[in-house]
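If you want the building blocks of each chain, they are given just below.
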Amino acid sequence: MIALLLILIASAFFAGFIVRTKSIVSGRKGPVILQPLKNVWVLLRKGLIYSETSGAISRIAPVVVLFAILIACMMVPVAGFRPIISFEGDFILFAYLLALARFMMIISAFDSGSSFEGMGASREALYGLLIEPALFILIAGLVVLTGNRSMMAIFDLPGGENYNLIYGLIISYVIGNITLVENSRVPVDDPKTHLELTMIHEVMVLDMSGFNLAIIQLASFMKLAVFGSLISSTLIPYSLPEGWRLLLFFIIQVLFAGIIGFVESFRTRFRMNRNQQFLLTVILISVIFFVVILFTKNLF
Amino acid sequence: MLTLLYVLFGISLVYIAATEKFKHYIQVYTIQGVLLFGMAIIELKNFSFLNLSFILAETIIFKSIIVPYLLRKILLRTGIYNIHKRSLPGNYSVMLMMVMLGISLVLAKVLSMPSVNEVYTVIAYFTLFTGLLLVSARKLLFGHLVGFLIIENAVFLFSIAIGSEFPMLVNTGILLDIFIAVLIMSMFLTRIGHKMGGFEAETLSQLKD
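Residues numbered from 1 in each chain as written. Chains lettered and ligands numbered in written order. Predicted model: local features only at pLDDT ≥ 70, side-chain atom pairs only at ≥ 80, totals over all residues.

Observations regarding the overall build of chain A
And step 1. Helices and strands together make up the secondary structure of chain A, namely 11 helices and 0 strands.
And step 2. Reading chain A from its N terminus to its C terminus gives the helix and strand order α-α-α-α-α-α-α-α-α-α-α.
And step 3. Relative to the 2.2 N^0.38 estimate, which gives 19 Å for 300 residues, the radius of gyration of chain A is 19 Å and therefore close to what a compact globule would have.
And step 4. Counting all 300 residues of chain A, 50% fall into the buried class.
And step 5. Taking contacts inside chain A between residues at least 6 apart in sequence as the whole, the part at least 24 apart equals 78%. (Helix = DSSP H or I, 4+ residues; strand = E, 2+ residues; numbered from the N terminus. Rg over C-alpha atoms; globule rule 2.2 N^0.38 Å. Buried ≥ 20, exposed ≤ 12 C-beta atoms within 10 Å, placed from the backbone. Contact = placed C-beta atoms within 7 Å.)

Now the structure itself:
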C-alpha cells in the first residue's frame, strides 16, 4: 500500500516540478508546484461536451485509461516497498496495461471523427509499437540477470550479487527515454505545441473536455511517476532503512522531473521522421545491455 | 569499470551510425580513443614504459588528439557538415546495426578460441561492421574516412582480444596503413576536391593518370 501511496504522491508533484524547472531555467518565477493538479481540479468541475460523431468509446476510454494506469501503479515496486499486486511474470501484465491505456486513447481519438486526431493516433501507435521492444528487452535482461520473474524481485538490482552501478545507470537511461516517449515529452513530442499538425499526444485529446480531460491528465501524471519509481527501484538498495529509502525515492523523483524539465528547456523536438530513428536507437541500447548481461552471466 | 567501457563503446557506435552531422563523427571518434585507452590499460599485463607509451601514443595522442584535429581542419576547409542527403537514412542504419550486432555475436561464438576474449571479439566485429557501414552507406568521402578510422579501432580491439598473441608491430603496421589511407583521402578532400566538383566518393572514379 505504501508503494501505491508513494507513486500517487509523486505523481501529484511530478508535472509541477517539470513546469517549475522549465520556468526557472527560462528566468521566470513560474506557477506553484501544484498548479497542474489545480488545473485538473478546475476541469473536474466542468461539464462534458462530446463531438457529434463520437460514440460510446469516447465516453468509456478516459475511465479505462485511468484504471489501466492505476492498476499498473499497483504493480510497481517503489524503493523496496512491496506493490499491492505482485506475481511471477507480472511485468507482462504491466506492459500490457500501458498498451491497453494507449490503445484506448488511440481508438478514442479515431472515434472523435477528427482527421487531426486520427493523424495523432497513428503516430502514437507507431511510437508505442517501436518503444515496447525496448521495455521488453530491458526487462528480459533484468530477468536473466536476477533469475527472477516478478517486478518486485527483478528491480531489486542493488541487492543482487551481480549488481553493478553501470546496470542501474543504463536501465535508468533506457527507462528515462521510454518515459519521454510514453508521456509524449520533448524530444519526441512537445506538450506545449499549438500546431495540430505537429502534435502527437495533445492532438488526441483535442476533443476531450471537463471530467474526461481531467482524468486523462491525471493518468499521464501517474505514468510519469510510475517510470520515475522504476528508476528509483533500480538505484536504491532495498536493504537500506525505510527512512533513507523514502528520502532517496523523493530525491530521485525530483531529480528525474528536473532533468526532464531541463532537457525540455534546452532541446528542441525532433522532426517527425527523426523520431523512429531515436526510438530504434533506444531499442539498440537495450539490446546492447542484454548482450552485456549475457556475457556477465556466462550464458553466451 | 570494464563493463562501463564496453557499453559506452557500443553506444558510441550506435551514435556514429545514427548521426547525420560530421562534427559528431569527430566527437565520437575522440571519445572512442579515450575508451580504447581505458580498455587497453585495464587489460595490460606487462606494465613497461614501452607498452604504456605505445598505448598512450596510439589511443590518446593519435586517436583522440591528432586525428580529430586533422578531421576538424578538413571539415573547416571543405565546408561540409552533414552527410549527403541521398545517404542511407538513419532509421535503416540503426536497423542494420541491430542485425550487425546479431552477426557479431554469432561470429564471435563460431570463431571462438580458448585464448581469445569473446567480449572484445564481439565488440571488435561490431566496430568493424560499423566502419564498413559508414564506408558503404555514406556518399561523401568524409564518411568513408571516418569509416576507415573506425575499422582501425576494430583492429585495435582485436589486438586486445587476442592479447599477447598479437604483436605490437602488426598493430602498428595496420595503424600506419589506415593513417596513409586517411592522409590520401584528406589530400583529395582538401586539395583536389574543389577542382573535381564535389566531395562524393563517386568522383574518385573520374581521376586519371
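That covers the picture; the talk isn't over yet.
Re the overall build of chain B
And step 1. Scanning chain B from N- to C-terminus turns up 7 helices and 0 strands.
And step 2. Listed N to C, the secondary structure of chain B is α-α-α-α-α-α-α in terms of helices and strands.
And step 3. Taking all 209 residues of chain B together, the buried fraction comes to 40%.
And step 4. Summarising the internal contacts of chain B: among those between residues at least 6 apart in sequence, 71% fall at separations of at least 24.

Structural notes on the interface of chain B and chain A
And step 1. With 19 residues of chain B in contact, the opposing surface of chain A contributes 15 residues.
And step 2. Broken down by element, the residue count for the side of chain B that touches chain A peaks at 9 residues, all from helix α4 (residues 90-110) of chain B.
And step 3. Considering only residue class, the side of chain B that touches chain A consists of 13 nonpolar, 4 polar and 2 charged. (Nonpolar A, V, L, I, M, F, W, Y, C, P; charged D, E, K, R; others polar.)

Considerations on the environment of Leu105(B)
And step 1. Note on placement: Leu105(B) falls in helix α4.
And step 2. Since 19 C-beta atoms lie within 10 Å of it, Leu105(B) is described here as partly exposed.
And step 3. When the C-alpha atoms of Leu105(B) and Ser48(B) are compared, they prove to be 33 Å apart, with 57 residues separating the residues in sequence.
And step 4. Excluding anything up to four places from it in sequence, Leu105(B) contacts Val291(A) and Val122(B).

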